[in-house]
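Understanding the architecture of this molecule
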Amino acid sequence: MIAGRANPLVLVTGGAGFIGSHLCEALLARGARVRVLDDFSTGRWENLARIRSDIEVIEGGLESAPAVERAVAGVDSIAHLAARSSVVESIGARELYWRVNVEGTATLFAAAAAARARRVVFAASSSAYGDRAPTHDQAHDQAHDVPQDESMQPHPASPYAASKVEGERLVRALAQTGGVDAIALRFFNVYGLRQDPNSAYAAVIPRFMTRVAEGKPVTVFSDGLQTRDFVHVSDTARAVIAALDAKHVLGGVIANVGTGQATTVTELVRLVGAVLGKPAMVEYQPAREGEVRHSVAATERAAQLIGFRANISLESGLRTMV
Ligand SMILES: NC(=O)c1ccc[n+]([C@@H]2O[C@H](COP(=O)([O-])OP(=O)(O)OC[C@H]3O[C@@H](n4cnc5c(N)ncnc54)[C@H](O)[C@@H]3O)[C@@H](O)[C@H]2O)c1
């Protein structure tokens, strides 16, 4: 039970989104009361359909101080997931990303401090690591700076990544001077049911699953040998709850949420084909701006700090989406 209290009230910002809606379900299953703050810009009411009558929903934006103050009133703790969350979109929308992800986060944290919330868990991103080797040549490709551990300097390579790194700084300031304990969890590539395959900025797994199921080729940017750490949404929700639950002070630190397993995009294509029982065809395109070459989490800090280890393999996770 969160913080050892009976039925604590947890605010999930971005609760109508992909990860947020899974988190709301997992929190309810553990006996928490759940309030959602979401402006439904990318979130959807359908994501909350199964739990609609069990939660309170405030439809409003992080930019609105009155909506945020209403959302934090009386909460025990906050999972702050609301954000604009596309690397590609952020390149043409810097101001929007700064306004929502940085200024919106500052507004929320000020309200959390005023309301004396116990703890905030912030959805940070593995994109903070960026690409430490700017070239993509083969020599660098062998083993540059992976796995990524939290002591490395951030190298954000997009406005989205930069906004998330700034959010981490706000987390630290909140914990050090705001009277609210906090942690920033750097999610790696989260996947699972309810990820939108149709948006222009769709994540790779739902996009590949849909294309292969339809017998259409998937688009692979670059040579397919770039790696990602794919972490299932149920594991991710479990990590957030472990952080909300931790008995000791977290102090505004950063911890990765990943599996520690690197998967090439080529291997992902093969697994998607195997899980769907269909051949997967590939079309190659040049690498996209702002995207990193290699990404895999060091997992020790999350294990030590909040007792979290991912336990869903990519193959079994993909099977939950069929
Ligand atoms: N999906 C991933 O692989 C991944 C990886 C790293 C970090 N994250 C972070 O995790 C969080 C959740 O991501 P997701 O994949 O569920 O994305 P999502 O887009 O499905 O969820 C984001 C939610 O925030 C809401 N939102 C956006 N702007 C808002 C605003 N101004 N006010 C209130 N609500 C707003 C959206 O409507 C949506 O419901 C985000 O902070 C994202 O940056 C996700």
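Everything here concerns the structure above.
Residues numbered from 1 in each chain as written. Predicted model: local features only at pLDDT ≥ 70, side-chain atom pairs only at ≥ 80, totals over all residues.

**Describing the overall build of the protein chain**
Counted only if it meets this: Runs of E in the DSSP output that reach at least two residues are strands. Runs of H or I that reach at least four are helices, and both are numbered from the N terminus. Between the two quantities, the radius of gyration covers C-alpha atoms and the globule rule is 2.2 Å times the number of residues to the power 0.38. Burial is judged by counting other C-beta atoms within 10 Å of a residue's own C-beta: 20 or more means buried, 12 or fewer means exposed, and anything between counts as partly exposed, with every C-beta placed from the backbone. Placing a C-beta atom from the backbone of each residue, one calls two residues in contact when those atoms lie within 7 Å.
Each helix and strand counted, the protein chain has 11 helices and 13 strands in total. A globule of 322 residues ought to have a C-alpha radius of gyration of about 20 Å, and the protein chain, at 19 Å, matches this closely. Here the C-alpha coordinates of the protein chain stretch approximately 50 × 40 × 35 Å along the principal axes. Of all 322 residues assigned to the protein chain, the portion counted as buried reaches 48%. For the protein chain, contacts bridging at least 24 residues in sequence account for 81% of all contacts bridging at least 6.

**Some details on the site of the ligand**
The line we're drawing: Here, nearness means that the C-beta atom of a residue, built from backbone geometry, sits within 6 Å of the molecule or strand in question. Note that Gly is not counted as nonpolar here; it falls among the polar residues with everything else outside the nonpolar set of Ala, Val, Leu, Ile, Met, Phe, Trp, Tyr, Cys and Pro and the charged set of Asp, Glu, Lys and Arg.
In the vicinity of the ligand, 28 residues are found, and the nearest of them are Gly-14, Gly-17, Gly-43, Ala-83 and Val-190. Sorting elements by how many residues they give to the shell around the ligand places helix H1 (residues 18-29) first, with 3 residues. When grouped by side-chain class, the residues that make up the shell around the ligand number 13 nonpolar, 11 polar and 4 charged.

**Some points on the sheet that holds strand S5 (residues 119-125)**
This is how the line gets drawn: A pair of strands is labelled paired if DSSP reports no fewer than 2 bridges between them. Every axis in this analysis is a line fitted to C-alpha atoms, fitted for helices over the stretch in contact. Angles between the N-to-C directions lie between 0 and 180 degrees.
Read across the sheet, 7 strands follow the order S3-S2-S1-S4-S5-S6-S11 without closing on themselves; strand pairing throughout is parallel. Only two strands of the sheet have a single neighbouring strand rather than two, namely strand S3 (56-59) and strand S11 (253-257). Each strand of the sheet is rotated relative to its neighbour by a mean of 20 degrees, with strand direction disregarded. Note: strand S2 (residues 33-38) against S3, 4 bridges, orientation parallel. Paired with Asp-38 across the strands is Glu-59, a residue of S3. Strands in contact with helix H4 (residues 94-114) are strand S1 (9-13), strand S4 (77-80) and S5; relative to S4, the strand with the most contacts, it is inclined by about 175 degrees.

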